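The lines below spell out each chain.
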Amino acid sequence: MKRPHRRVHFLIWLLIAPITAVVGFVFWQMRPATPFTELPPGVEAVSETLRDASEAH
Amino acid sequence: MGHQYKAVQWNGNKIAYDLYTVAAVGVFITVFMAIGLQTQASGHVADPVILLIRALGVTAFAMLTIILAIGPLARLSPRLLPVLYNRRHLGVTTFLVASAHFGLALVWYHSSGPLNPFVSLFISNPLYDSIPGFPFESLGFVAFLILFVMAATSHDFWLNNLSAPVWKALHMLVYPAYALLVMHIVLGALMTEKSMLYPVMTGGAFLMVSGLHLYAGLREWRADNGMKLFKAKGWIDICAPMDIPDMRAVIAPLPKGDRVAVFRYGDKISAVTNACRHQNGPLGEGRVIDGCITCPWHGWQYRPDDGISPPPFTEKIATYNVKIENDRVFVDPKPNPPGTRTSPAIISMEGTPSG
């Protein structure tokens, strides 16, 4: 009987750890109220409506 | 299987362990709720249901973090091997807490509309191309499905039916599930969280678990590579006979990626596969107890010379031919069929340490 070699565990973590850490950190940096924020389309639409209304006045 | 192993998992030890676990979960959730209600009361009215959903989620994530740390910690320090004994019960408890988190969130956020709650979970928020608005619930749902499959197949019935390698490979899905949960938290709770406590705790937990796995794996990889495989007429030179501690083993890598556990018991040396029939546990990290090789994980036992469990059990593991020449232990890398009797190599007086 052949067991999954423990190197498989190591290689899986070698793949998962950096990807999750980097992607997680980058996404966290893009949360609202940070300079990297990407506003959801719905919020941007409301924002544009408000801006247009403000300019109209 | 060994005579010390009980097929029925419920015994006094496990019942006490489960009661302590449930009590710890209850205390953690209560304290979390109390602190949450206390700290948020001054700002805005904290909804107890939403706080409970979060408390259950934090508890499940913390439990999964502990579970994932147990494996590498036990590999780094044999003193922690007993913790492995109850890991499956802790895993099932984690699934139950995660179920409560999932169920409550589904009812609270997705059951009041005309859509099926499961459909609503995936389409009520269509912002899949956005980062701050991403429907993070979908990531948690996939992770929950993996935990469900693992909990459903956690019993030895499934281990025996699926075979140990398949079962182990299936349960290694917990690694991507954990990564999905990290992203579920990052894209969910952390998007609106003002305090640095949650990001630090989540990042710290993930770095600890991944760091432990990488460190333990790297150490074993180096140990394998450090074993210089000298072949003499097809046999592999393992070590000197007295380099093997009495009643214990030296683990050596084989050319095809398997490992052999070479045991010394008194003046005899025998070699068997390093993989236990139960859960592929590392037999070479166990000891010879009552004349039988005893797996450190759950106590399954095998006779060193033929790899057969003592009666009334019938499990068999592969054995390897061993010989001693010029005060060196040699192993034939070709495994014998499971249960094949081999002659133990006998250590002569020349093999005993002088002085």
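Small disclaimer: the values here were computed from a predicted structure and weren't measured.

Cut-off values and rules
Residues numbered from 1 in each chain as written. Chains lettered and ligands numbered in written order. Predicted model: local features only at pLDDT ≥ 70, side-chain atom pairs only at ≥ 80, totals over all residues. Helix = DSSP H or I, 4+ residues; strand = E, 2+ residues; numbered from the N terminus. Buried ≥ 20, exposed ≤ 12 C-beta atoms within 10 Å, placed from the backbone. Axes fitted to C-alpha atoms, helices over the stretch in contact; angles between N-to-C directions. Parallel < 35°, antiparallel > 145°, perpendicular 65-115°, else oblique. Left-handed = near helix turned anticlockwise from the far one by under 90°. Contact = placed C-beta atoms within 7 Å. Nonpolar A, V, L, I, M, F, W, Y, C, P; charged D, E, K, R; others polar. Domains from an automatic or database assignment. Core = buried A, V, L, I, M, F, W, Y, C linked by C-beta atoms within 7 Å. pLDDT = per-residue confidence, 0-100. Pairing = 2+ DSSP bridges.

## A word on the overall build of chain A
So, step 1. A count of helices and strands for chain A gives two helices and zero strands.
So, step 2. The buried share of chain A, taken over its 57 residues, is 12%.

## Thoughts on the packing of helix α4 (residues 87–110) of chain B against helix α6 (residues 137–152) of chain B
All names here are of chain B.
So, step 1. Where α4 meets α6, the closest approach of the two axes is 10 Å, and the angle between their N-to-C directions is 140 degrees. Viewed along their axes, α4 and α6 adopt a mutual orientation that is oblique. Considering the relative orientation of α4 and α6, their crossing is left-handed. Across the interface between the two elements, G91, V92, F95, A98 and F102 of α4 pack against F144, L147, F148, M150 and A151 of α6.
So, step 2. Residue composition of the contact of α4 with α6, by class: nine nonpolar, one polar and no charged.

## What to know about the interface of chain A and chain B
So, step 1. Counting residues at the interface gives 25 residues for chain A, matched by 32 residues for chain B.
So, step 2. Across the side of chain A that touches chain B, the residue classes tally to 14 nonpolar, five polar and six charged.

## Observations regarding the domain arrangement of chain B
Residue and element names in this part refer to chain B.
So, step 1. Annotation of chain B at the domain level lists domain 1 (12–223) and domain 2 (230–351).
So, step 2. Centre-to-centre separation of domain 1 and domain 2, based on C-alpha positions: 39 Å.
So, step 3. Facing eight residues of domain 1, the contacting portion of domain 2 comprises eight residues.
So, step 4. Going through the elements one at a time, α3 (81–84) and α8 (164–171) are the ones with two or more residues in the side of domain 1 that touches domain 2.
So, step 5. If you tally residues by element for the side of domain 1 that touches domain 2, the top one is α8, at three residues.
So, step 6. Residue composition of the side of domain 1 that touches domain 2, grouped by class: seven nonpolar, no polar and one charged.

## Details of the nonpolar core
Burial of nonpolar side chains together is a common tendency in soluble globular proteins.
Residues and elements named next belong to chain B.
So, step 1. Of all hydrophobic cores here, the largest spans 41 residues; its most connected members are A143, L147, A177, Y178 and L181.
So, step 2. With near-sequence residues (within four places) excluded, L181 lies in contact with F61, L64, G140 and A143.
So, step 3. Membership of the second largest hydrophobic core comes to 33 residues, among which are A275, V288, W300 and I317.

## Points about the confidence of the model for chain B
So, step 1. This prediction gives chain B a mean pLDDT of 87; 91% of its residues lie at or above 70.
So, step 2. Within the model, pLDDT remains below 50 along residues 351–355 of chain B, and this stretch shows seven contacts once partners closer than five positions in the same chain are excluded.

## As for the sheet that holds strand β8 (residues 301–302) of chain B
Residue and element names in this part refer to chain B.
So, step 1. The strand order across the open sheet formed by three strands is β6-β7-β8, and the pairing between neighbours is antiparallel. Of all strands in the sheet, those with a lone pairing partner are β6 (287–289) and β8, marking the two edges.
So, step 2. In this sheet, strand β7 (residues 292–294) lies alongside β6 in antiparallel orientation, the contact comprising three bridges. For I289, the partnering residue across the bridge sits in β7 and is C292.

## A look at the pairing of strand β5 (residues 268–273) of chain B
All names here are of chain B.
So, step 1. The buried fraction of β5 is high, at five of six residues.
So, step 2. Across six bridges, the pairing between strand β4 (residues 259–265) and β5 is antiparallel. Bridge pairing in β5 links A261 to V272.
So, step 3. Between β4 and β5, which pair antiparallel and follow one another directly, the connecting turn spans two residues, one of which, G266, has a positive phi of 70 degrees.
So, step 4. Sheet topology places β5 next to strand β12 (residues 345–346); two bridges connect them, and they run antiparallel. Looking across to β12, one finds that I269 is bridged to A345.
So, step 5. Here β5 runs beside strand β9 (residues 319–320); their pairing, made up of two bridges, is antiparallel. Across the sheet, the residue bridging to V272 is T319, located in β9.

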